[in-house]
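A structural walkthrough
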2 protein chains.
Amino acid sequence: MATRSFAEPLNSLINELSKLPGIGGKSAQRLAFYMLSMEERDAEAIAEAILEARRTMQRCPVCGDLTDSEICGVCADAARDRSVICVVENPRDVAAFERMKGYTGLYHVLHGAISPMDGIGPDDIGIRQLLIRLQQSDEVKEIILATNPSIEGEATAMYAAKLIKPAGIRVTRIAHGIPVGGELEYADDVTLSKAMEGRRDL
Amino acid sequence: MATRSFAEPLNSLINELSKLPGIGGKSAQRLAFYMLSMEERDAEAIAEAILEARRTMQRCPVCGDLTDSEICGVCADAARDRSVICVVENPRDVAAFERMKGYTGLYHVLHGAISPMDGIGPDDIGIRQLLIRLQQSDEVKEIILATNPSIEGEATAMYAAKLIKPAGIRVTRIAHGIPVGGELEYADDVTLSKAMEGRRDL
């Protein structure tokens, strides 16, 4: 999208915004103009919030989730069940499980999934940290692999399972099937086939 | 949308982003996490671009368009036709006309439209500046009213026309009708009726 007709600082802002996921050229333009039209302090608040979040948020050294403390809230919470670790691809997945409530165990955030196509191998995500974590604690009884049901997520789950099982720890995979409220006829083939595979006795 | 499960700096970033137009709670979350996962300098570049644009971009004292110079590129361009002024609601409209090319006159940006429902009267937008501009120059032969074809835009055009016409300046309104490439059957009633009203002899 040509943005030639704008002055350089506006052009540059549009350019930066359009690098964000889901923000195309048109949206970036609309956002940039909005940022110039809003109250000075409101625009500054956005910039400050970005810088502040980058300055203070870091990965929890235990589980890899994002936190502004030395250790994240879940890892620091003595009430959490230390015998279960739910392995997820990214911090948003932790947020999803925490919204659900009900899960009282710990997490491990891999920050990605194995994807040879993108040049992402096991060492590029937090699998090694997970193994070290398991070696350092004998409390863990179950690892729940909750990576996405994509090719990359499945490959990551398979890889992790192969490494963890020999240690005698129970390794499970979250169920995939028809979403609650979803209709069979609109389910894609893979989901349907997962739903059949995962069927349980009533 | 509950964002309780996040640390405060992340929460605050999500909150600031969700104030932007077209960015809902879910998108704000996705953007915030993305900003935390990208390279430090790329995230800083966004914040810097916002601050820099706010610092350097201002309204052109002549036409009201956004510029990083003392006077905007169009107003400063000696090759532009100073006898025509196209009146628009906001800087994005100027950008649209400039993309179209072909228009060689000047602009006047109102920064809004009259909207009694929102408490926006003639004095809250740049109509007075337009009148002063007309008084200070006797070069202007035509004012093209290119405010939006909305209730507010129409009211603004009517109001401006009433004030400008007595000065003996030609006042025109851009045409409204079926967009080129659009199909009659999908046009709304108002557009259809505008297309009929604006019909021309062949």
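Remember, predicted model here, so these are calculated numbers, not experimental data.

Each partner contributes residues to the interface: chain B has 49 residues there, and chain A has 49 residues. Contact between chain B and chain A buries roughly 4300 Å² in total, counting both sides, with carbon and sulfur atoms accounting for 74%. On the surface where chain B and chain A come into contact, there are two salt bridges. For R54 of chain B, the salt bridge identified is with E40 of chain A, shortest N-O distance 3.5 Å. Where chain B touches chain A, the interface holds eight residue pairs in polar contact (both at pLDDT 80 or more). Listing elements by their share of the side of chain B that touches chain A, those giving two or more residues are α1 (8–17), α2 (25–37), α3 (40–56) and α5 (91–100) of chain B. Ranked by residues supplied to the side of chain B that touches chain A, first place goes to α3 of chain B with 14 residues.

Glancing now at the pattern of salt bridges. Counted by the stated rule, this structure contains 16 salt bridges over all chains. One salt bridge in this structure joins D123 of chain A and R128 of chain A, with 3.2 Å as the shortest N-O distance. For E154 of chain B, the salt bridge identified is with K194 of chain B, shortest N-O distance 3.3 Å. Here E154 of chain B is found in helix α7 (residues 151–164), whereas its partner K194 of chain B is found in helix α8 (residues 189–197), with 40 residues between them in sequence.

Once that is clear, we can look at helix α3 (residues 40–56) of chain A. Relative to the 24 Å expected for 17 residues at 1.5 Å per residue, α3 of chain A spans 24 Å between its end C-alpha atoms, a close match to the ideal helical length. Residues of α3 of chain A that are buried in the fold lie against α2 (25–37) of chain A together with α1, α2 and α3 of chain B.

Before going further, it helps to examine the domain arrangement of chain A. Partitioning chain A into structural domains gives domain 1 (8–52) and domain 2 (78–201). Distance between the C-alpha centres of domain 1 of chain A and domain 2 of chain A: 36 Å.

Going through the model one piece at a time under the given rule, you end up with zero disulfides over all chains. C75 of chain A carries a free sulfur, and the closest cysteine sulfur to it, the one in C72 of chain A, is 3.7 Å from it. C75 of chain A sits in the buried class, given a relative accessible area of 9%. Note on C60 of chain B: no disulfide assigned, nearest cysteine sulfur contributed by C63 of chain B at a separation of 3.9 Å.

A few words on the sheet that holds strand β4 (residues 106–109) of chain B. Residues and elements named next belong to chain B. Taken together, the four strands give an open sheet; going across it, the order is β4-β3-β5-β6, and neighbouring strands pair in parallel fashion. Each having just a single partner strand, β4 and β6 (170–173) make up the two edges of the open sheet. The sheet shows a mean angle of 25° between the axes of neighbouring strands, direction not considered. Both strand β5 (residues 142–145) and β6 contribute to a ladder of four bridges, which runs parallel.

What follows deals with the sheet that holds strand β3 (residues 81–88) of chain A. Residue and element names in this part refer to chain A. The strand order across the open sheet built from four strands is β4-β3-β5-β6, with neighbouring strands paired in parallel fashion. Across the chains shown, the open sheet's two edge strands, defined by having one partner strand only, are β4 (105–109) and β6 (170–173). Averaged over all adjacent pairs, the angle separating strand axes in this sheet is 25°, with direction ignored. Pairing of β3 with β4, which is carried by five bridges, proceeds in the parallel orientation. Within the sheet, the bridge partner assigned to V87 lies in β4 and is H108. The sheet strands contacting helix α6 (residues 127–136) are β3, β4 and β5 (142–145), and the helix crosses β4 at an angle near 145°. Contacting β5 and β6, helix α7 (residues 151–164) runs over the sheet at an angle of about 170° to β6.

Next up on the list: the relation of the copies chain B and chain A. Take chain B, turn it by 180°, move it 0.0 Å along the axis, and it overlays chain A with an RMSD of 0.0 Å. Taken together, the rotation and translation describe the operation of a two-fold axis. Within chain B, the C-alpha atom positioned nearest to the axis of rotation is that of A47 of chain B, 2.1 Å from it. Residue by residue, 100% of the interface of chain B is reproduced at the interface of chain A, so both copies engage with the same surface.

Our next topic: unusual backbone geometry. Residues and elements named next belong to chain B. Positive phi, close to 55°, is recorded for K101, a residue that is not glycine. Tracing the backbone shows K101 in the loop between α5 and β4. For H111, which is not glycine, the phi dihedral falls at a positive 60°. Here H111 lies in the loop between β4 and α6 (127–136). The class for H111 is partly exposed, based on a relative accessible area of 22%.

Thresholds, definitions, all that
- Residues numbered from 1 in each chain as written.
- Chains lettered and ligands numbered in written order.
- Predicted model: local features only at pLDDT ≥ 70, side-chain atom pairs only at ≥ 80, totals over all residues.
- Heavy atoms only, no water.
- Contact = heavy atoms within 4.5 Å.
- Buried area = accessible area lost by both parts, 1.4 Å probe.
- Salt bridge = Lys/Arg side-chain N within 4 Å of Asp/Glu carboxyl O.
- Polar contact = N/O pair within 3.5 Å; in protein donor to acceptor, adjacent residues only side chain to side chain.
- Helix = DSSP H or I, 4+ residues; strand = E, 2+ residues; numbered from the N terminus.
- Expected span 1.5 Å × (residues − 1).
- Domains from an automatic or database assignment.
- Disulfide = S-S within 2.5 Å.
- Buried < 20%, exposed > 50% of the residue type's maximum accessible area, 1.4 Å probe, protein only.
- Pairing = 2+ DSSP bridges.
- Axes fitted to C-alpha atoms, helices over the stretch in contact; angles between N-to-C directions.
- Least-squares fit on C-alpha atoms with pLDDT ≥ 70 in both.

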